Structure formats: structure tokens, C-alpha cells
Number of protein chains: 2
Amino acid sequence: MLRTHTCGELMEKDIGREVELCGWVDTVRDHGGLLFIDLRDRYGKTQLVASGAGWVVGHSFKPEDYVRVKGKVQRRPKGTENPNLLTGQIEVAIEFPLLDSTTCKPLPFEVVKSRETNEDLRLKYRFLDLRNPAVQKNLFARHKAYQAIRRALDERHFIEVETPILTKSTPEGARDYLVPSRLNQGEFYALPQSPQLFKQLLMVSGFDRYFQIAKCFRDEDLRADRQPEFTQLDMEMSFITEEDVFTVVEKVLEAIFKEVLNQDLKTPFRRLSYQEAINQYGTDKPDLRFDLAVQCLNEIAADSEFKVFKDVVSKTDGAVVGICVPQGGSASRKDIDTLTDFVKNEGALGLAYFKVVNGALDSPISKFFTPNVQGRFIQKFAAADGDLILLIADELKKAIKIAGALRLYAAKRENLVDGKRFDFNWVTDFPLFQWNEEEKHWESEHHPFTSPNMEDWVKYKKTGELGKIRSSAYDLVLNGSEIGSGSIRIHRRSVQQEVFEAIGLGKEEIERRFGFLLRAFEFGAPPHGGIALGVDRLLTILLGLDSIREVIAFPKNQKAVCPMTEAPSPVAAKQLKELGIKIA
Amino acid sequence: MLRTHTCGELMEKDIGREVELCGWVDTVRDHGGLLFIDLRDRYGKTQLVASGAGWVVGHSFKPEDYVRVKGKVQRRPKGTENPNLLTGQIEVAIEFPLLDSTTCKPLPFEVVKSRETNEDLRLKYRFLDLRNPAVQKNLFARHKAYQAIRRALDERHFIEVETPILTKSTPEGARDYLVPSRLNQGEFYALPQSPQLFKQLLMVSGFDRYFQIAKCFRDEDLRADRQPEFTQLDMEMSFITEEDVFTVVEKVLEAIFKEVLNQDLKTPFRRLSYQEAINQYGTDKPDLRFDLAVQCLNEIAADSEFKVFKDVVSKTDGAVVGICVPQGGSASRKDIDTLTDFVKNEGALGLAYFKVVNGALDSPISKFFTPNVQGRFIQKFAAADGDLILLIADELKKAIKIAGALRLYAAKRENLVDGKRFDFNWVTDFPLFQWNEEEKHWESEHHPFTSPNMEDWVKYKKTGELGKIRSSAYDLVLNGSEIGSGSIRIHRRSVQQEVFEAIGLGKEEIERRFGFLLRAFEFGAPPHGGIALGVDRLLTILLGLDSIREVIAFPKNQKAVCPMTEAPSPVAAKQLKELGIKIA
């Protein structure tokens, strides 16, 4: 090694020792002939002091120069110790000569402030951005999480298997990235959107428990939390029920939280069905760090004299739903207008509101509600004086959805969200299919390998009510974000074939795209299921960051470009010719 | 769980227990109304016995059916125990009803004999091939190796970082796989041939010690031990010398050997320079499981009366080199012919041979060698009676290379290779450049990021003798295969620029392809170096297999095709249109 110690380890016990250190100049303070230099590396900072011959070495140091120095450890003068640093009791008096250095050009941004810089500039100089300890620490956390994940799964007899990157299209609903084949011209590999089919085949092979921290690829138009390539913790198990998956994932998350945050995560997580989630929170990914449950008030609204409500609830599928904001009653006219604008923007016709005052409802429209009806409203929400009730009247599904959005919006405005809390929930029993109104056919709510609830399947396949069939799909939701999605899979050829047909795939297409899977199901396939967790998003939330780019070493920008390497880039005509393709 | 136990855990202590088992029917033996069924899973086998109501359950079982059964654990009748199985003391009497099953169609090959099957058929039914315990065990070994690698590196403060798969071409000498960009039409990502530049940038960022078990991609014409995608253990360290890399890699390999083979690997490995390797073994990847060192006999040959030898050694660069095969003297005329054919096939004009008999040389040409010269030959090889000396006379480099090949060939023929031994060697001090005779320019022997030996660099850059410049590149060789390659890297912009120019890159091309690296070197880059180990090849050798396909879950065949999924495959015209490309 070119150093005897790192910049994070010299302490009182080392006083008197001759040392060699390598690192980056963090700061330089010149006290006239006496220089104080903080030398930084991944492990910490050590104060160098340069005077006399040492001054000759240190006087040209600039921030972010790399230097290798030798010197002697000495006690810092009394009163100048830094109790916040492990190395804060000592300093190193640097000696002549300087052992090595590479200097740093003028910086495009100050390293310690890199996070405040324009993102494309950060990414162009990512190698400097990554010197910022506040940026580095996210990658160290990621490293720790990875080791914890693998330890937890290895202990539980999971086998880590690498599945191909050059493979065949899998139908996860996004565009594939394609790779032209030179040896088989006119044909293309697809980069995997997930290792879904391979992990199912591993179950058919009897591996029993599989995992992989897998790179996946989706050629989508990018949003803040999307990247062309992302990482998922991919798992599959045989001979299990949903609860077995939940338990393993909870254990893995316990291990991550302990390792990364030194927190004891409370398990098991709450389970709620898709229908419960929708009805109570207006979404299939409820944020339960706060309550504000959505209530349906049809029965009470029907007894009011308010025409809007009465009309809506008289229709099939009409509903009056709403939330109660605790102590939201101090809202001004302007606050109410803001909330109204919000729900209108979400598609509502309007927003009814009531302040709870002296056990009654106070509102421009309260005259349409008898004291008895008012009391029932208050009772329904278990509302107290000072609360604010907000109601939407519309078609049921739409009303619930808007109320769910309003719930999130109001909670944020009212600071009801505990930013330090991590709230995990399992949402279960998703519908198997959803109707695609544009293309006029059923499609899979999760993916077509999801097992139906077999009772529903038998019952509603006959009646053609495909929308009523529940599946064994489940999502893991953290603070209102979906961070994992899985299911018990189909493992019988006949069921798989029928599901493919139900979503409108023809026999020929089924064979071409999924023939190998159907074939595998003919050779003694076992029941199996699994899950994939979005590692980037999980870490982003866990570390309190606002973009998955913060936990990825070399992310692309929102145009799917790497400003540093300038990928993607034009290629030589010769390369295209060898691949047998042309630019259109 | 759908089972109470695996098929590998029921023992005497479980006798009397009601159990539920899941697994595959391995064998069925019918003793007339009494069936013995071996049920298999990843963990082992358990004997089921079916009679009475149980017979109704078991009588239709066929090999490779998946079944879920319930039953009671009982002691096997005396004399029928199987001491080779952990479960060999017990059997499970299966009870009615059968809990679940999926049947297996007629098999394309017998699972336990899958390795004897035509490879494309194996790969088409890889999900069945992978049921073969002899195939599964390689993937379990791989899993174990991975956990050991990461533990060893995590303990040594290495940080695991994922680098991009969608990136820019890196010059590792092979063709890139390209990925058309939809959002930036006419431009392409390249899949990485290695994470080389990213790991160097991580060093510039101060991560100090990095590793990744990384997928890499090379679009080459395939050979037995090549795959379009392969895995390397990629590492990089700052502030180090070559020896620091060697030590860490030795520790990692110790951990792998302990975990996978339960063997204590002897470290440190032997180090020998490129020049020593070439001179002594005629190759830069010597197999040192046996000796048979190549000797140069020019001085002695000059004193002979044999014209061929005298002519050759009188030329500059002419040489007589050879090996001595211990106890090879029993070779027949036919054996000698075979050896002669071998060296001729390698490009030699002929092969001279001498049997050592009674302390003298016995050969059709021995009359041209005086007793004194014969004695010096024998002394040079420390030969004993019964040995066989084989000599090549040719241009030095060529002669050494042929002698090296002959060395391997003869060792194999004579069974001198200890197949159980693992022999690791570090080969160091590779030349920095090699002359490309076809294209008439210098190229990098390893890659252009390799640091020159700075003394050589200063000296021979001036004289233009680029071929004499040694580098700090090193290879790790196992049993004569290169399994790792690394170097101390260049970390100064000026040196990097000069090396690029020396291999014939123009200024514009340098900027376009490597501008970001050169830029990074201007901001205080630290000295650094590293290595990449070929994980597939390492595991193949370690497990005594003959193809890397045996350690890859879903490999491609030698046409870069996956016979199971049929990737690569044609894609829809719409997809190509969206990507802005056409098939030529």
C-alpha cells in the first residue's frame, strides 16, 4: 500500500508515529507560514499541519488535489481538538518531500455542494459529484443493503442464479430494448424487463428458492423515478402460499433496515385487500403513515335535502365519499378554494366542505342537512369540533379515486405525514384482469403468469364476468409507493393457455412467444410464486432522497443520456453493416 | 408451506410423524400391490411406500411427475436401510388422498443422463436438464462461490457498485453489442465489454476499493469456452502496488476454495515474469502442474557437428530449444512420428530427439554429437537414463512457442498432469505494446489504460523502441488457463494521451471515445489498479468441467442462440420503426 493509514483512523494512541497518508485536499487554511490542511478519503478526514520544510510541501495544495504525504502524528494544541472527528485529537506534521500528487483543475462546482448543482452538470462530472461524502454515503448504504439481502436469503436456502441479459421479449407492458444479432442477421435479442420466465423455469427445475439482484430494462419515456435500466431484487419459491413470500420479504427488509439504518423494523406488515385499499384510501398503494380514511356516505347523503347529493346517490354507481381532516376547521376561504381547485383538477365537479363546530356542521350548504343528518355525518367520521369534512359526489370509482388523491394532498398540507416513519403494507387480492377501454379487450392487471383465485376463476369464467375474478397478486407498498409486486403463478398449462386467450392472444402468438413456458408446464411443474422488489426505489425512500438517481452510481438523465460518456452515441457505418441494419 | 419437510431431512427421530412432502417422482418400483417410490427435491430423496389406500395414490406415478403427498414416517424394515442417504433409515407410508400433482409428459431424455444428450436438446429442455442433480450442483457451487467472494471483499472494505449495462463502447478488442436508442434515434448504446472505465472513475471519486460481479458482453464468433455474455469478478483499488492486488485476490480465492471445495488453498501463488514464462514454458499462461521446462541449448548446439543446429544458432535470433520428458525413452518409432507430426503442425521444420541411455544420447543423429557435447545436453536437462530429450531448431520466438506447445502435448500423453491439482501463477511485467504486423501499428498488449513501467517508458519512448517497454500488467493463470487479467492503471492525463497516440489513435478519436476519462484525470486522480477474473472459467476449472456452459444457468449455444426461448428472434416492424432502424 502507498499509505500506512487511512484518513479516518489516526488517534491519540498513534501520537509519535511516522505515517504516510493518501487522499484529497479538502480545505486549506493559511495562518501565515503555518498551513492547516484537511486531508480527506472515504474513511474520514485528518488534519495536516505544514510549517518549515512541510510548508514547502503544502503551500501549493488546492482543494481536490490528490496528494501522498509523509509526516509525524502529534497531539493538537489544547483547545484546538475537534471532538466531532475520530481523528480530532491529533494532527500530522507533514515532512519534506511530497511523495506524490496529481493536481486538480478549477472545479465545475464545489464538491461538497454538488447536490445543489444543475443535474446535467453533476452527471457530466459524476466522478466529482461522487466525491461528495453526502453522495458517496448513498452508495455505501446500497452496498450494505446488498450484503444484508444476500445474507438473509442465503441463510434461508435461496440460491442466487444469474439469468440472461441477451434474451427474448417478456411482456411486462413496456417497450423492450433490442440488440441486433450479427450472427443471426435480421434477428434481435431483447434485454429483459424482468427475469420472470427464467425464474419460473428454475422452479420447474426444482431449485425451490431462487433470488437475484437483477438488472432490468424498460424503454419507456422517462419520469423522475424511472431509468432505462434499474435493479430489482427478484425472488421465487416453490411449494408455498402468499404468506410464505410475505414472511421472507419481511425478514429481508428487517435485515436491510438493521444493516443500513440500525433500526428494528416492525413485522409482520399490515395486510389489506385491494378492495379494502381502494374503498378506504382510494388507491391500491395507500400511504398509511396517517389515517384520513375515505368514507362512503351514501345512506346519510340520501337523507339530506341537498340536491347534488340526492341526485348522485339515486344513480347506480353514484356515491358521496369523503375524508375528515382532524383540526382542519381553521381553513380559510382561500384554503378551501385551493382544495377545490385540487379536486377539480383531479376531475371532480366540486368539493363540499363542512367545518365541525359545536357538534354541528358549519358550511354554506349546511341548511340542507337536518341536525340528525349532521350528527350522522359527524358520527361516521368520528369527527370532533375543529375538524374539516371534505366530500366528493360522483360516480363511485371516480369519487373514491379523487377522495384518495385529496387524502394525500390534505395530509401533506396539514403536515400529518411523519417523515421519519416507514410504513409497509401488503395489498392482496388484486383483480386478475382489467378492461382496456381503448383497445376493447381484457388485459392482465399484473402480468399473465399470475394465478387466478381458483374459485373465482371457475365461477366467473363461465359467466364471462372476467372483471370479478380476483388473482393471487400482491404488492408491497412503502409510504404510498409500490416497491414490490408479486403473485402465486399459474403452473398448469391449461390455465395458462386460457389466461393468454382471455387477454386476446392468438394460438400462434402464444406458441411463438410463450411456447417454451407452456412446454415446461407439461413436465411436472410445481406450484410456485414470488416477488420482485424495486431496489432503487426502496433505497431512495429508505434514505429519504427524492430521486432514484441519487442511489445509482452512473444514472442516465431524463433523456436516457449519460452526460458523462455521452452514451448513446453514433456508431461507425462498418458496425451497422456487420449487424445487417441501417438507420431509417 | 405446502410441505412439512423437504425430501432430505426426515430421519429416525421423525418416526411416527405425520408429514406432507412435495417433490418429483425419481423412481418407482412395483412389488405387486406394494410400491416403492423415491421422491426427490433439491435437498435429497425420501422413499415413499404405497400399499392399500396409498397404492391408489401412488400407482399412477411416473418419473418426473410433481406430487404432493401426505403420510406417516416409519422405520424401514431391517436390512432394507440405505446408509448412503441421510433419510435412509426411514420411509413414508403414503396416505389417501393425493394432495396435488402435475404429471409429466414423455421425457425427451432421461433426467439423470441429461449430460450425455445432444447439447441443443439439453438446452431446449434446459428446465429438465437442470433437474439433474449433477447439473444442479454446479449452480449451487456457483452460488456458494458468490457468497464467499462477497464476504471476503466486504470484510476488506470493498464496496460493491453496479455500473451501467447501457453504456458506451469500451475498447477491449472485441465487437460491441449495440442497442438502438428510441429516444435518440440514430444513436446506440453499447453493452459493456467490461466496466473498466467506470471502475477507474470510481477510484477518481475516492471509493478506494470497488468490486462487482459484473455481466460483460462481447460479440465474438463463439468457441467452446466463450459466451456472448459472461461474468467477471471486477475489482479496483487505489493507493496500491501490484502485490496488494495479488494478496486480495489470493484471499478471495482461498475463501472460494474453502466454501466450494472445502480445500485450503496454498498462497501466495508463484509469481513469474512474462519473460520467464515465455523462456521457460513457451507461453504466457504456463501450466505448472508439471515441470518439463523449456531449455535453450544454443551454446551446446554450436559445439555439435549437426549442421541443422549449427546453421540455426549461427543466425541472429536462431535457437535450439527443447524439453526433456522423464522416462519418455520408451517411445516407439510411431510415438516419435506422432510427436514430430505435432510440432510440424505447430510450424516446426522437424523434431530432433534423443533417448538417454547409459548416460549417453541415443538417436539417429547422435553421431554428430561428441560424448562431451552429449554430456552437456544431459547435464542441461538434468536428464536421467530412460528420459527423452526433444529439440526444436528455429527462430527463437517461434522455437520457444513450439516447444511450449510440445511441452503441453507431451505432458498430456505421458500423464504427467495431476488432474486434482490447482496450480495458480501470477505472470507479471507483460510488454506494454505489441506490433500488429497486418495493420502496421503498435497496439496495447492488455488495454490502453495499463500503466507502463515508468523507467522503461522514459527510456524507450525516446529511442522509439516501444516493444521493449514493460507494463504493470499481470495475469492470473490457473492450470494453464488465463482466468484473470489486470494492471496498475495510468492515472495521469499526459501519459494516457501519449499511450493513445502510440497505438495510433488520432486526437479527435481520443476525445470522442475517451474524453471523459482524460477529463477525470485532470481533477486529482489517484494511483490505482485492479483486476478482472473470469468467473465462468474459474468455476469450470474448479469443478472439473469441460465447458463454461455447465456453470451458466441458461447459456447460448455456439451460434449464440438460446434453443429454449429461441432468442434472438425476428421482431415486429413496428418495433423497428419506433427505433428508427431497418434491416439491411
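Residues numbered from 1 in each chain as written. Chains lettered and ligands numbered in written order. Predicted model: local features only at pLDDT ≥ 70, side-chain atom pairs only at ≥ 80, totals over all residues. Heavy atoms only, no water.

Colleague: What is the right way to read the sheet that holds strand β15 (residues 360-362) of chain B from this model?
Modeller: Note: strands within a sheet are paired through backbone hydrogen bonds, in either parallel or antiparallel orientation. Residues and elements named next belong to chain B. Strands sit in the order β12-β13-β16-β14-β15 across an open sheet of 5 strands; the sheet is antiparallel. Here the strands that pair on one side only, and so sit at the sheet edges, are β12 (295-296) and β15. As defined by bridge partners, strand β13 (residues 318-325) adjoins strand β16 (residues 388-395) across 8 bridges and the pair is classed as antiparallel. Across the sheet, the residue bridging to Gly 322 is Leu 391, located in β16. Packing of helix α12 (residues 396-413) onto the sheet brings it into contact with β13 and β16, and relative to β13 it is tilted by some 10°. (Pairing = 2+ DSSP bridges. Helix = DSSP H or I, 4+ residues; strand = E, 2+ residues; numbered from the N terminus. Contact = heavy atoms within 4.5 Å. Axes fitted to C-alpha atoms, helices over the stretch in contact; angles between N-to-C directions.)

Colleague: What am I meant to see in unusual backbone geometry here?
Modeller: Note: most residues except glycine have negative phi, and most peptide bonds are trans. A cis amide bond, omega -5°, links A:Thr267 with the succeeding residue A:Pro268. A cis geometry characterises the amide bond from B:Ala567 onward to B:Pro568, with omega recorded as -5°. Within the element layout of this structure, B:Pro568 appears in the loop between α16 (535-542) and α17 (573-579). Phi is positive for A:Phe239, close to 60°, though the residue is something other than glycine. Examined against the element boundaries, A:Phe239 turns out to sit in the loop between β10 (229-238) and α6 (242-261). For A:Phe239, a relative accessible area of 0% puts it in the buried group. Its identity is not glycine, yet B:His157 carries a phi of approximately 70°, on the positive side. When you line up the elements, B:His157 lands in the loop between α4 (133-155) and β6 (159-160). (Buried < 20%, exposed > 50% of the residue type's maximum accessible area, 1.4 Å probe, protein only.)

Colleague: Help me understand the sheet that holds strand β2 (residues 35-41) of chain B in this model?
Modeller: Residue and element names in this part refer to chain B. If you walk around this closed barrel you meet the 5 strands as β1-β2-β3-β5-β4, and the pairing is mixed. The mean angle between the axes of side-by-side strands here comes to 55°, regardless of whether they run parallel or antiparallel. The sheet contact formed by strand β1 (residues 18-30) and strand β4 (residues 66-75) spans 7 bridges and is antiparallel. By the bridge assignment, Leu 21 is partnered in β4 with Val 69.

Colleague: Just checking my understanding: could you explain the pattern of salt bridges for this structure?
Modeller: Side chains bearing opposite charge may pair, as long as their charged atoms lie close to each other. This model, assessed by the stated rule, comprises 106 salt bridges over all chains. Close ionic contact of A:Asp423 with A:Arg421 constitutes a salt bridge, the shortest N to O distance being 3.3 Å. Of the residues examined, A:Asp423 reaches a relative accessible area of 9% and is grouped as buried. Note on A:Arg421: relative accessible area 35%, which makes it partly exposed. Its salt-bridge partner being B:Arg40, residue B:Asp26 comes within 2.7 Å of it at the nearest N-O pair. Within this pair, whereas B:Asp26 is found in strand β1, its partner B:Arg40 is found in strand β2, the two being separated by 14 residues in sequence. We note that B:Asp26, like B:Arg40, is buried. Here the residues in one salt-bridge network are A:Asp26, A:Arg40, A:Lys45, A:Glu64 and A:Arg131, joined through shared partners. (Salt bridge = Lys/Arg side-chain N within 4 Å of Asp/Glu carboxyl O.)

Colleague: What exactly am I supposed to notice about the packing of aromatic side chains here?
Modeller: We describe a pair of aromatic rings using the distance from one ring centre to the other and the angle between the two ring planes. Residue and element names in this part refer to chain B. Inspection of every chain in the model, using the stated rule, returns 62 aromatic pairs over all chains. Note on Trp 435 and Trp 442: the rings are 5.2 Å apart at their centroids and 70° apart in plane angle, and the pair reads as edge-to-face. Given a relative accessible area of 41%, Trp 435 falls into the partly exposed group. (Phe/Tyr/Trp six-rings, centres within 6.5 Å; stacked < 30°, edge-to-face > 60°.)

Colleague: Quick question: what am I supposed to make of the relation of the copies chain A and chain B here?
Modeller: For the pair of chain copies, the relating transformation is a rotation about an axis with a translation along it. Its rotation angle being 180°, the transformation that places chain A on chain B also includes 0.0 Å of axial translation and leaves an RMSD of 0.1 Å. Taken together, the rotation and translation relating the two chain copies correspond to the operation of a two-fold axis. A shared binding surface is used by both copies, with 100% of the interface residues of chain A retained as interface residues in chain B. (Least-squares fit on C-alpha atoms with pLDDT ≥ 70 in both.)

Scope: geometric values only; no functional claims are made or implied.
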